[in-house]
Amino acid sequence: MRVLFVTSEFYPLVKTGGLADVSAALPLTLAGLDIDARVMLPGYAEALDRAVHCGNAVPLGELPGAGRVRLLPAQCPASGLPLWLVDCPPLYCRVGGPYQDPDGRDWADNDVRFAALSHAAARVARGGRGMDWGPDVVHANDWHAGLLPLLLGGDPAPRPATVLTIHNLAFQGLFDADRLPRLGLPAESFSPDGIEFYGRISFLKAGIRYADRLTTVSRTYAREIRTPEFGCGLDGLLRSRAGDLVGIPNGADYGVWDPARDPNLPRRYDLANIGGKRACKEVLQRELGLDSAPDAPVVAFMSRLTEQKMADTVADAVPALLEAGALFALHGQGDRAIERRFLALARRHPGRVSVEIGYDERRARRLLAGADILLHPSRFEPFGLVPIYAMRYGTVPVVRRVGGLADNVADAMDRGDGEATGFAFSGDSLADMEACLARAVAAFRQPVTWRRIQRRGMSQDFGWQGPARDYLALYRSLAGSRADRCPPEPVRRPAPQSAGPLTRRPDPVRAPLTKA
């Protein structure tokens, strides 16, 4: 079976969040299940620099709004997984991130940039341009590839099956309606039954409307997004497609995220020899300028600094943590006002609070290994990979019961110490968060209890084998005869009744690393 996996990020070529990890690990695991998986992503400058190029460029001709485009065959330098890089320097070779410029502003032509990705994938999927490879299934990811099911669905020729995975419903790819002609989209698609969303074009709605099947990254999130509270204005459409929507959890690539083999750590360790974690904590405290206090719990907050991640509430909770004798270390970036709040806390509490603005993979891993507690709350959370990684590193997560966090973290109060892997709270107030943190700090001061929770978390298996088999079953159910696939009939659905769209965008990717 041949699968074309279309994404905007791929680790280690380009990464702003968990999508990059998923895009690298899932196709690789599928390849181990005898799937011929190819990954297509934009030819960003850093991707072109880091990929292993192989074979001759494939000309794709003119794409709407993009001019002449080529496809560059390549391989992942770490795994050898086959890649196709969409080569269009005017769109992708820029100083900045994949979505935003160095000042944190969205690229003004993001609609054209990611429409080009979908058009390029559609040409490959149709088997054009003399290519000797064509997919049975096209797997589009998030709004960046949301137009792809629309482009393929409107083709009268036989086509591959289409799957759309929603990694975060809040990011919808919304653009003004007058951009429709330059995107190469049929005028009739701009309607409430098509890609129109409150008078704008929605790339994500296009994928939800036209894909053969929909997935999202946890079972709880699959239920939540069909409600007005979490549906971001698309809950009505998602309810109408409930029979085609399934939650398949993300996984962790333990070939990459494992303290026993992580080359970034000052000392490696595992479940049988957890003493190395104490050494990692000692080095971390020294590197961050924190007090050398082995008996003080180090609470890490490693996240985008946004309201979604409750970063505003975390800032309010820091004083109570310090009063309880804990140390606090932040590594992340996001909303400038929230960044300033944390930097001010670091200035007021030298030796007790460390704040690093930006993202550095090596530093993030050392923080994960050296911390005792990972604070990872969220107002909504599709899956939450960082707490999964934290458990393997023996760092106990504190989360809010939403989305994948509710599925993956077992609270000591609910399960008992013997079954617990972390701590969870249900509300979204400061009091709720502080009460949960107080329970975690109290448990840390009981070594036997704490070690039991640590070991339970480290022994969890969130590997990709199970999710990959679920995707394989989904692909097989869809593949069938490509000759039977016809454009979908219009489905009359009422306009969404919930509140207007969330228009938040991904946070800057190349902010400087600053320590206070």
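Before going into details, it helps to say that this report is about the structure given with it. (Residues numbered from 1 in each chain as written. Predicted model: local features only at pLDDT ≥ 70, side-chain atom pairs only at ≥ 80, totals over all residues. Heavy atoms only, no water.)

## A look at the side chain of Thr313
Moving on, step 1. With respect to the helices and strands, the residue Thr313 is situated in helix α10 (residues 311-323).
Moving on, step 2. Of the polar contacts made by the side chain of Thr313, one reaches the side chain of Arg379; its length is 3.3 Å.
Moving on, step 3. Those residues in contact with Thr313 that lie beyond four places of it in its chain are Arg379, Ser429, Leu430 and Met433. (Helix = DSSP H or I, 4+ residues; strand = E, 2+ residues; numbered from the N terminus. Polar contact = N/O pair within 3.5 Å; in protein donor to acceptor, adjacent residues only side chain to side chain. Contact = heavy atoms within 4.5 Å.)

## Regarding the packing of aromatic side chains
Moving on, step 1. On inspection of all chains with the given rule, the structure shows 15 aromatic pairs.
Moving on, step 2. Their ring planes at 75° and their centres at 5.8 Å tell us that Trp143 and Phe203 sit as a pair that is edge-to-face. Here Phe203 lies in helix α6 (residues 203-210) and Trp143 lies in the loop between β7 (137-141) and α5 (147-153), a separation of 60 residues in the sequence. The burial state of Trp143 is the same as that of Phe203; both residues are buried.
Moving on, step 3. Through successive ring pairs, a cluster of aromatic residues spans Tyr99, Phe114, Trp143, Phe175 and Phe203. (Phe/Tyr/Trp six-rings, centres within 6.5 Å; stacked < 30°, edge-to-face > 60°. Buried < 20%, exposed > 50% of the residue type's maximum accessible area, 1.4 Å probe, protein only.)

## Examining the environment of Ala326
Moving on, step 1. With respect to the helices and strands, the residue Ala326 is situated in the loop between α10 and β15 (327-334).
Moving on, step 2. Considering only alpha carbons, one finds Ala326 and Leu405, 79 residues apart in sequence, at a separation of 24 Å.
Moving on, step 3. With sequence-adjacent residues up to four places away left out, Ala326 is seen in contact with Pro297, Val299, Leu321 and Arg352.

## Describing the packing of α10 against helix α11 (residues 336-348)
Moving on, step 1. At a minimum axis separation of 10 Å, α10 and α11 run at an interaxial angle of 15°. What the angle tells us is that α10 and α11 run roughly parallel. Where α10 crosses over α11, the two elements pack in a sense that is left-handed. Here α10 contributes Ala311, Asp312, Val314, Ala315, Asp316 and Val318 to the contact with α11, which in turn contributes Ile338, Arg341, Phe342 and Leu345.
Moving on, step 2. Grouping the amino acids of the contact of α10 with α11 by side-chain chemistry returns seven nonpolar, no polar and three charged. (Axes fitted to C-alpha atoms, helices over the stretch in contact; angles between N-to-C directions. Parallel < 35°, antiparallel > 145°, perpendicular 65-115°, else oblique. Left-handed = near helix turned anticlockwise from the far one by under 90°. Nonpolar A, V, L, I, M, F, W, Y, C, P; charged D, E, K, R; others polar.)

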